[in-house]
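# Fold and geometry: a report
What follows is the residue order along each chain.
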Protein chains: 2
Amino acid sequence: MRIAELSRETGVPVPTIKFYLREGVLPAGERTSKNQARYDESHIRRLRLIRAMVDLGGLSLASVREIVAAIDDQESDDDQLMGRVSKSLIPEVDAVDDASLAAVEAVLAELGWEDACSHPSARTLAAVLAAGRELGHDFAPTFVAHGRACEEVARADLDYVEGKDVDQMLESVIVGTLLGDTALAALRRIAQTVESHRRYGVDEDE
Amino acid sequence: MRIAELSRETGVPVPTIKFYLREGVLPAGERTSKNQARYDESHIRRLRLIRAMVDLGGLSLASVREIVAAIDDQESDDDQLMGRVSKSLIPEVDAVDDASLAAVEAVLAELGWEDACSHPSARTLAAVLAAGRELGHDFAPTFVAHGRACEEVARADLDYVEGKDVDQMLESVIVGTLLGDTALAALRRIAQTVESHRRYGVDEDE
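Residue positions are counted from 1 within each chain, in the order its sequence is given. As they are written, the chains are lettered A onward and the ligands numbered 1 onward, keeping that order. Residues qualify for local features only when their pLDDT is at least 70, as the model is predicted, and side-chain atom pairs are given and counted only at 80 or more; totals for whole chains, interfaces and linings, by contrast, use all residues. The basis for every side-chain value is the complete set of non-hydrogen atoms in the structure, without hydrogens or water.

Summing up its helical and strand segments, chain A has nine helices and two strands in all. What you see in chain A, going N to C, is helices and strands ordered as α-α-β-β-α-α-α-α-α-α-α. Of all 206 residues assigned to chain A, the portion counted as buried reaches 49%. At a minimum sequence separation of 6, the contacts of chain A that also span at least 24 residues come to 62%. The protein chains shown are the only cover counted for residues, whose accessible areas, like all others here, come from Shrake-Rupley with a 1.4 Å probe. With the model as given, the accessible surface of chain A reaches about 9500 Å², and the carbon-plus-sulfur share is 48%. Per the convention used, a helix needs a DSSP run of H or I reaching at least four residues, while a strand needs a run of E reaching at least two, with both numbered from the N terminus. Relative accessibility under 20% of the residue-type maximum defines a buried residue, over 50% an exposed one, and the middle range a partly exposed one, all with a 1.4 Å probe and only protein chains included. Here, two residues are considered to be in contact whenever any of their heavy atoms come within 4.5 Å of each other.

Quick look at the structure:
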């Protein structure tokens, strides 16, 4: 297809597509004349992936470039890409104190996740724990319960991407993780209300 | 205690405390002279609550005022405040299409959460479902699995606040929910990596 059709298919404006081509995050099409190129399904998938990262994830072009490079590099062992990409979707965390990191390591050990101590999200957890402590809360026991629940979440996440090809799988991981964070927070709030009703009865204004 | 000590205890600058007093979200202290007032533990707790809402939740002063008014009103049936406050911690969602709302209702029915169809988070879920569909994904089955996991999350959340007094409980709900969203997303990523290793083996770079 020509660039105009690629734009219609994906909803991405032509100038934006040209920008992605120049930046090298979208591979060039097959040149058919001096001023024209032909694009295929792989360009549609790649554009959807880029859109997901930029629109849903708010990722910078530099991060997009990094992830795209990882995809193009690693055709060989795509089975582990899930874990890798999910790591790259994590915001950077500033310095974290050793006591909080040690507390998170204890949580991970209790969950049987000792291998995950070097995971960037362990630092995020330590930062949350530190912020909670500053406000007089110890969330470590809650982390253990939430971690157990997340084993179920992660099984569903991996089931969802199983059997897809690498581009599709990555797009699924990125879309599923970024949109999924919002969905998970929403489901948590509904579950809190449901559980609150179970324990204490129904609000009279409902 | 005097306002300077209240500031030291909470880390909130004196001018900010005066602003909260003027805005009526922090109750006045007991006046001891023309220019001085005395504050107590309840002011510390309330300031921590306000800080949690503003710093962690990014809530507007108007939202803070609303929640604070709800607390001051509802001393009587604080058992249901958990569900109510968790509802108020939800970002507004634009118009959602009927098909997505119907799909979310089916998900909630499958979870046995029929009563929750009017919960504001149901609209958030519908928006996520619609965004996913636009990118070629159907997340409804994943929502069911994630919803089951969130029952466990919510039980831990409610266990955490059980037996606290109303100010403490609300502060716990707000801090726990807002910080908890970040923690839950982090735990999910770690669980994805752990589950990915279980299924596909360990990355060679670790």
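So, next bit.
Confidence of the predictor at the level of single residues is given by pLDDT, which spans 0 to 100. Of the residues in chain A, 85% have a pLDDT of 70 or more, and the chain-wide mean is 83. Here helix H5 (residues 81-88) of chain A is the element of chain A with the lowest mean pLDDT, 64, and helix H6 (residues 98-110) of chain A is the one with the highest, 94.

Right, let's talk about the interface of chain A and chain B for a bit. Between chain A and chain B, the residue contacts involve 82 residues of the former and 82 residues of the latter. Between chain A and chain B, roughly 7600 Å² of surface is buried when both sides are summed, and carbon and sulfur atoms account for 60% of that area. For the chain A face of the interface with chain B, the top three residues by lost area are Leu135(A), Arg188(A) and Arg189(A), together amounting to 10%. When a carboxyl oxygen of Asp or Glu is within 4 Å of a side-chain nitrogen of Lys or Arg, the pair counts as a salt bridge. Taken together, chain A and chain B are joined by 10 salt bridges. Here Asp157(A) makes a salt bridge to Arg188(B), at a shortest N to O gap of 2.9 Å. Pairs of N or O atoms are called polar contacts if they sit within 3.5 Å, as long as, within protein, a hydrogen donor faces a hydrogen acceptor (for residues adjacent in sequence, only side-chain-to-side-chain pairs). The tally of links between chain A and chain B comes to 24 residue pairs in polar contact (both at pLDDT 80 or more). At the level of secondary structure, the elements contributing two or more residues to the side of chain A that touches chain B comprise helix H3 (41-56), H5, helix H7 (120-134), helix H8 (140-161) and helix H9 (166-200) of chain A. Here the nonpolar group is Ala, Val, Leu, Ile, Met, Phe, Trp, Tyr, Cys and Pro; Asp, Glu, Lys and Arg are the charged ones; every other residue, Gly included, is treated as polar. Classifying every residue of the side of chain A that touches chain B gives 35 nonpolar, 20 polar and 27 charged. Accessible surface is computed with a 1.4 Å probe, and the buried area is the amount of it that two parts give up when combined, taken over both parts together.

Right, let's get into the pairing of strand S1 (residues 30-33) of chain A. Every regular strand shows the same layout, with side chains that alternate between the two sheet faces. Residues and elements named next belong to chain A. Bridge count for S1 against strand S2 (residues 36-38) is three bridges, and the pairing is antiparallel. Across the sheet, residue Glu-30 finds its bridge partner in S2, namely Arg-38. The hairpin turn running from S1 into S2, its antiparallel successor, is two residues long. Paired strands, in this sense, are two strands between which DSSP finds at least two bridges.

Residue position: His119(B) is located in the loop between helix H6 (98-110) and helix H7 (120-134). Within the structure, His119(B) has its side chain in polar contact with the side chain of Thr193(A) (distance 2.9 Å).

A word on the environment of Arg199(B). Relative to the helices and strands, Arg199(B) is located in helix H9 (residues 166-200). A residue is classified by how much of its surface remains accessible, and Arg199(B), at 26% relative accessible area, is partly exposed. In this structure Arg199(B) touches Arg155(A), Leu158(A), Asp159(A) and Glu162(A), once residues within four positions along its chain are discounted. A polar contact is formed between the side chain of Arg199(B) and the backbone oxygen of Arg155(A), at a distance of 3.4 Å.

Fitting of the copies onto one another was done by least squares over C-alpha atoms, counting residues only where both copies have pLDDT of at least 70. When chain A is brought onto chain B, the operation consists of a screw motion whose angular component is 180 degrees and whose axial shift is 0.0 Å, with 0.1 Å RMSD remaining. This pairing of chains is accounted for by a two-fold axis. Distance from the rotation axis, computed per C-alpha, reaches its smallest value in chain A at Ala149(A): 2.4 Å. A share of 99% of interface residues in chain A that are also interface residues in chain B marks the association as one of identical surfaces.

What follows covers the packing of aromatic side chains. The aromatic pairing rule takes the rings of Phe, Tyr and Trp, using the six-membered ring of Trp, and pairs them if the centres are within 6.5 Å, calling planes under 30 degrees apart stacked, those over 60 edge-to-face and the rest tilted. Under the definition given, this model contains four aromatic pairs over all chains. Between the aromatic rings of Phe139(A) and Tyr160(B), the centroid separation amounts to 5.4 Å while the plane-to-plane angle is 45 degrees, which identifies the pairing as tilted. With Phe139(A) in the loop between H7 and H8 and Tyr160(B) in helix H8 (residues 140-161), the pair connects residues from two separate chains. By relative accessible area, which is 6% here, Phe139(A) ends up buried.

Turning to the pattern of salt bridges, a few remarks are in order. Two side chains that carry opposite charge are able to pair once their charged atoms sit near each other. Considering all chains together, one arrives at 22 salt bridges over all chains under this definition. With a closest N to O distance of 3.2 Å, Arg199(A) and Glu162(B) form a salt bridge. With Arg199(A) in helix H9 and Glu162(B) in the loop between H8 and H9, this pair bridges two chains. What you see here is one network of salt bridges that share partners, running through Asp159(A), Glu162(A), Glu195(B), Arg198(B) and Arg199(B).

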